[in-house]
Amino acid sequence: MTMQTLSKVSHHDMANAVRFLAVDAVQKANSGHPGMPMGMADVATVLFSRFLRFDVTNPRWPDRDRFILSAGHGSALLYGLAYLAGYPDMDIDQVRNFRQFGSRTAGHPEYGQTLAAEMTTGPLGQGLATAVGFALAEKMLASRHGDAIVNHHTYVISGDGCLMEGVSQEAISLAGHLKLNKLILLWDDNHICIDGDTAKATSDDNIKRFEASQWATLRVDGHDAEAIAAAITTAHGSDKPTLIACRTVIGYGAPTLAGTEKTHGSPLGDKEIAGARAALGWNHAPFEVPEPVLAAWRAASRRGAAERESWQQRLLDLPETRRNEFLRTNAGELPGGLAATLNAFKRELSTQRPKVATRKASEMALEVLVPAVPEMVGGSADLTGSNLTLVKNMPIVTPTDPSGRYIHYGVREHGMAAAMNGLALHGGFIPYGGTFLVFADYCRPAIRLSAMMHQRVIYVMTHDSIGLGEDGPTHQPVEHLASLRAMPNVLVFRPCDPVETAECWALALSNQTRPSVLSLSRQNLPTVRTDHTDENLSARGAYILCEAEGGPRRVTILATGSEVEIALKAREMLTTRGVPAAVVSMPSWELFDEQTAEYRAQVLGLGHKGVIRVAVEALGTFGWERYVGLHGAVIGMRGFGASAPAAKLYEHFGITAEAVVTAVEARL
């Protein structure tokens, strides 16, 4: 096909190919959302055919532009674009099998299922908020490696729903503050939500809202290709992130349903689709794209190959040390020698035996880790002095200097967690961020996506029980750890002392495909691991800290975090009464559950006839039944806490060594 022939293919035809692939996919599946793809096909066509830098022959090229479909319900738009552009994992059969089991074309884009999906989207607002992390990663990496190696944009398509979600305000405020000028948001401004006209639910002036958050703003007709292109070009020259409000018609082209909520989440039906085909001049069978149109799309997507090859040469021209460091961090590989560094640190802790809160122990571990792992980037949701997440020689990331390694996220837990997902997904960084454990609820949607996307994001959650004391029940977590433990693919760590804390940090860093939650105490705890081991005992999830003495084991006391100290005291009391008891420290349920049946039985004492198992944790008791059995006991919280000094609260709620002993004696 000649270039002259290609030039005769209109934008209208290229956009209609996107539009009707989505319509046909939804109709065949009898499920999905055709309205948004129909309305945003013009915007997406301009973006992908004229601006987006990508190379389908190397889809994960590090300096590609990122495209985030925050309005993930419109996934058929993304799959149609991926097929037309020629992504190797997206053929027409995948589009035909939209929303079917085993296909790559899930109901909402899923990271890892298709190369075109930079992240999993669907929960509204999460894509936009995560895109802030992508754009921040680009700016920070460019300051480290130079714009010859890192110089790309992050584009987002979002709808009205994304902007209604509260996380969107946290995200746009942070992006505006940090002057993330390579972040461009294409807002599908169609005035329609599931319930009908958005005027039923909101009167916001989003242009003024974004301008107040230090964004540049533009308005365009979302069906005028040249206006869209001009707006994107203008955005490229801005020193601020840019909102482009694209006024569109949802279900564009549908003869009776366009502009209504009826096109949002249901197939159009054969009659309406036939009418749309006639109205838009698309006289082709379902899933049929004329060869000239497909060729025009494939030619447009080849734009990125030359840019990628040029970038590859620039990377090769770097000094070997710099090139290898870029490639190492982009691949997520930890630096050599880290295990030996941490082992030496563990030995020092076992010798010095500090009595500190595990949040302080975490800070001590970070003092060792941050210099050794330059890609670690920390932050806190305005709780730096409480979370102890900032260590020396860790410069702050500012709007004018992104070369730092610590981010002040402000009181934006939801936005912080989403941005950390973006930092991790982008590549080049290992993000960690702090808040109180009770505020894990504000982070939960992003934590869940971390787990679904298999991302190494580290959540530092301090003040992890009633042990925080006087701040009272609003700040004392009870149910939180159980709910985090219930979430698939999340590693939850609750270390008992500085040695375990260091081990848990090592595990969080080494697990590339799982997010981690570090649950850390406010109150001081003794070092109980006083005999150094080269082995990371916490990697087993649970281990025998002190075996029974004076005869065969009759009791196994299971504990985590601050309650290991209580368990050890209870063991002493039982031993003096002639009851041999072992203490098991259990920093990670998830890792323990992955051990062999033989190892689990050994730790729990199942080989000892009639052994009594008691668990103690100053949190909700839910879930411990699987470890203590039907005849065991769980010492923990049965309701919310109270405002008082920590020692008084432990006594009042019966989370004591005496309570453990009483529970054991009642079962002997």
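Not measured: the values here are computed from a predicted model. (Residues numbered from 1 in each chain as written. Predicted model: local features only at pLDDT ≥ 70, side-chain atom pairs only at ≥ 80, totals over all residues. Heavy atoms only, no water.)

### Description of the overall build of the protein
1) Next: Helix and strand counts for the protein come out as 27 helices and 20 strands.
2) Next: The C-alpha atoms of the protein give 28 Å as radius of gyration, which agrees with the globular expectation for 668 residues (26 Å, within 12%).
3) Next: Principal-axis analysis of the C-alpha atoms gives the protein an extent of 90 × 55 × 45 Å.
4) Next: For the protein, buried positions account for 62% of its 668 residues.
5) Next: Contacts in the protein between residues at least 24 apart in sequence constitute 78% of all its contacts with a sequence separation of at least 6.
6) Next: Surface summary for the protein: the accessible area is close to 24,500 Å², and the carbon and sulfur share equals 51%.
7) Next: Across the protein, the 62 positively charged side chains and the 70 negatively charged ones have centroids separated by 2 Å. (Helix = DSSP H or I, 4+ residues; strand = E, 2+ residues; numbered from the N terminus. Rg over C-alpha atoms; globule rule 2.2 N^0.38 Å. Buried < 20%, exposed > 50% of the residue type's maximum accessible area, 1.4 Å probe, protein only. Contact = heavy atoms within 4.5 Å. Areas by Shrake-Rupley, 256 points an atom, 1.4 Å probe, with all protein chains shown as cover. Lys, Arg positive; Asp, Glu negative; His and termini not counted. Charge placed at Lys NZ, Arg CZ, Asp CG, Glu CD.)

### A word on the environment of Gln352
1) Next: Structurally, the position occupied by Gln352 is in helix α15 (residues 338-352).
2) Next: A residue is classified by how much of its surface remains accessible, and Gln352, at 57% relative accessible area, is exposed.
3) Next: In this structure the C-alpha to C-alpha distance between Gln352 and Tyr442, which are 90 residues apart in sequence, comes to 37 Å.

### A closer look at the packing of helix α16 (residues 358-372) against helix α21 (residues 498-510)
1) Next: α21 packs onto α16 with a crossing angle of 55° between their chain directions and a minimal axis gap of 9 Å. Compared by their axis directions, α16 and α21 come out oblique. Regarding α16 and α21, the two cross each other, and that crossing is right-handed. The segment α16 lies against α21, with Thr358, Ala361, Ser362, Ala365, Leu366 and Leu369 engaging Pro498, Thr501, Ala502, Trp505 and Leu509.
2) Next: Among the residues forming the contact of α16 with α21, the class breakdown is eight nonpolar, three polar and no charged. (Axes fitted to C-alpha atoms, helices over the stretch in contact; angles between N-to-C directions. Parallel < 35°, antiparallel > 145°, perpendicular 65-115°, else oblique. Left-handed = near helix turned anticlockwise from the far one by under 90°. Nonpolar A, V, L, I, M, F, W, Y, C, P; charged D, E, K, R; others polar.)

### Here's the deal with the state of the cysteines
1) Next: Per the counting criterion, the structure on display carries zero disulfides.
2) Next: Of the cysteine sulfurs around Cys496, a residue in no disulfide, the closest is that of Cys504, at 8.7 Å. (Disulfide = S-S within 2.5 Å.)

### Details of the sheet that holds strand β10 (residues 406-408)
1) Next: Strand order in this open sheet of six strands is β10-β9-β11-β12-β14-β13, and the pairing throughout is parallel. Across the chains shown, the open sheet's two edge strands, defined by having one partner strand only, are β10 and β13 (491-493). Strand after strand, the sheet turns through a mean of 20° between neighbouring axes, direction not considered.
2) Next: Summarising the sheet, strand β12 (residues 458-462) and strand β14 (residues 516-520) pair through five bridges and their orientation is parallel. In the strand pairing of β14, Tyr459 is matched with Val517.
3) Next: Here helix α18 (residues 413-426) sits on the sheet in contact with β9 (376-380), β10, β11 (430-436) and β12, set at roughly 165° to β11. (Pairing = 2+ DSSP bridges.)

### Section: the pairing of strand β2 (residues 154-158)
1) Next: Counting buried residues in β2 gives five out of five residues, a clear majority hidden from the surface.
2) Next: Neither face of β2 is exposed, since Thr154, Val156 and Ser158 on one face and Tyr155 and Ile157 on the opposite face are all buried.

### A word on the packing of aromatic side chains
1) Next: If you walk through the whole model with that rule in mind, you get 16 aromatic pairs.
2) Next: Ring geometry for Phe436 and Phe439: centres 6.0 Å apart, planes at 20°, overall stacked. For the residue pair Phe436 and Phe439, the accessibility class agrees, reading buried in each case.
3) Next: Feature note: the residues Trp589, Phe592, Tyr599, Trp624 and Tyr627 constitute an aromatic cluster, connected by ring pairs.
4) Next: Taking NZ or CZ as reference, Arg540 lies 4.3 Å from the ring centre of Tyr599, over its face. (Phe/Tyr/Trp six-rings, centres within 6.5 Å; stacked < 30°, edge-to-face > 60°. Lys NZ or Arg CZ within 6 Å of the ring centre and 35° of its normal.)

### A few points about the side chain of Glu272
1) Next: Mapped onto the elements, Glu272 comes out in helix α11 (residues 270-280).
2) Next: Buried and unpaired, Glu272 has Lys271 as its nearest opposite-charge partner, separated by 7.5 Å.
3) Next: Within the local environment of Glu272, its side chain forms a polar contact with the backbone nitrogen of Leu257, the two atoms lying 2.9 Å apart. (Salt bridge = Lys/Arg side-chain N within 4 Å of Asp/Glu carboxyl O. Polar contact = N/O pair within 3.5 Å; in protein donor to acceptor, adjacent residues only side chain to side chain.)

### Section: the pairing of strand β3 (residues 183-189)
1) Next: Across the seven residues of β3, seven count as buried, placing the element largely inside the fold.
2) Next: On β3, burial covers both faces: Leu183, Leu185, Trp187 and Asp189 on one face and Ile184, Leu186 and Asp188 on the other are all buried.
3) Next: Bridge analysis of β2 against β3 gives five bridges, and the strand direction is parallel. Bridged to Ile157 within β3 is Leu186.

### With respect to helix α24 (residues 597-604)
Helical geometry note: an α-helix holds 3.6 residues per turn, so side chains three or four residues apart project in the same direction.
1) Next: The set of residues buried in α24 consists of Tyr599, Val603 and Leu604. Angular distribution of buried residues about the axis of α24 spans 125°; they occupy a single face of the element.
2) Next: Here the buried face of α24 lies against β16 (543-546), β17 (555-559), β18 (581-585), α23 (589-593), β19 (612-620) and α25 (625-628).
3) Next: Directly beyond the C-terminal end of α24, a positive phi value near 85° is found at Gly605. (Arc of directions from axis to C-beta.)

### Let's talk about the sheet that holds β18
Each strand in a sheet pairs with its neighbour through backbone hydrogen bonds, running either in the same direction (parallel) or in the opposite one (antiparallel).
1) Next: Spatial strand order, β16-β18-β17-β19-β20: five strands in an open sheet with mixed pairing. The open sheet has two free edges, formed respectively by β16 and β20 (633-637), since each of these has just one partner strand. When the angles between neighbouring strand axes are averaged without regard to direction, this sheet yields 25°.
2) Next: Sheet analysis places β17 next to β18, joined by five bridges and oriented parallel. Within β18, the residue paired with Val555 across the bridge is Ala581.
3) Next: Each of β16, β17, β18 and β19 touches helix α22 (residues 564-576); the most contacted strand, β17, lies at about 165° to it.

### Here's the deal with the environment of Arg485
1) Next: Mapped onto the elements of the fold, Arg485 is located in helix α20 (residues 480-485).
2) Next: When the C-alpha atoms of Arg485 and Leu525 are compared, they prove to be 23 Å apart, with 40 residues separating the residues in sequence.
3) Next: In terms of polar contacts, Arg485 uses its side chain to reach the side chain of Glu617, at 2.9 Å.

### With respect to the confidence of the model for the protein
1) Next: Chain-level pLDDT for the protein is 97 on average; 99% of the residues reach the 70-or-more range.
2) Next: The least confident element of the protein is helix α1 (residues 3-7), whose mean pLDDT is 50; the most confident is β3, at 99.
3) Next: Counted against residues more than four places away or in other chains, residues 1-5, with its pLDDT under 50, gives four contacts. (pLDDT = per-residue confidence, 0-100.)

### Some words on helix α2 (residues 11-29)
1) Next: Look at α2: 27 Å from first C-alpha to last across 19 residues, which is about the 27 Å you get at 1.5 Å a residue.
2) Next: Two residues or fewer after α2 comes Asn30, characterised by a positive phi angle close to 55°. (Expected span 1.5 Å × (residues − 1).)

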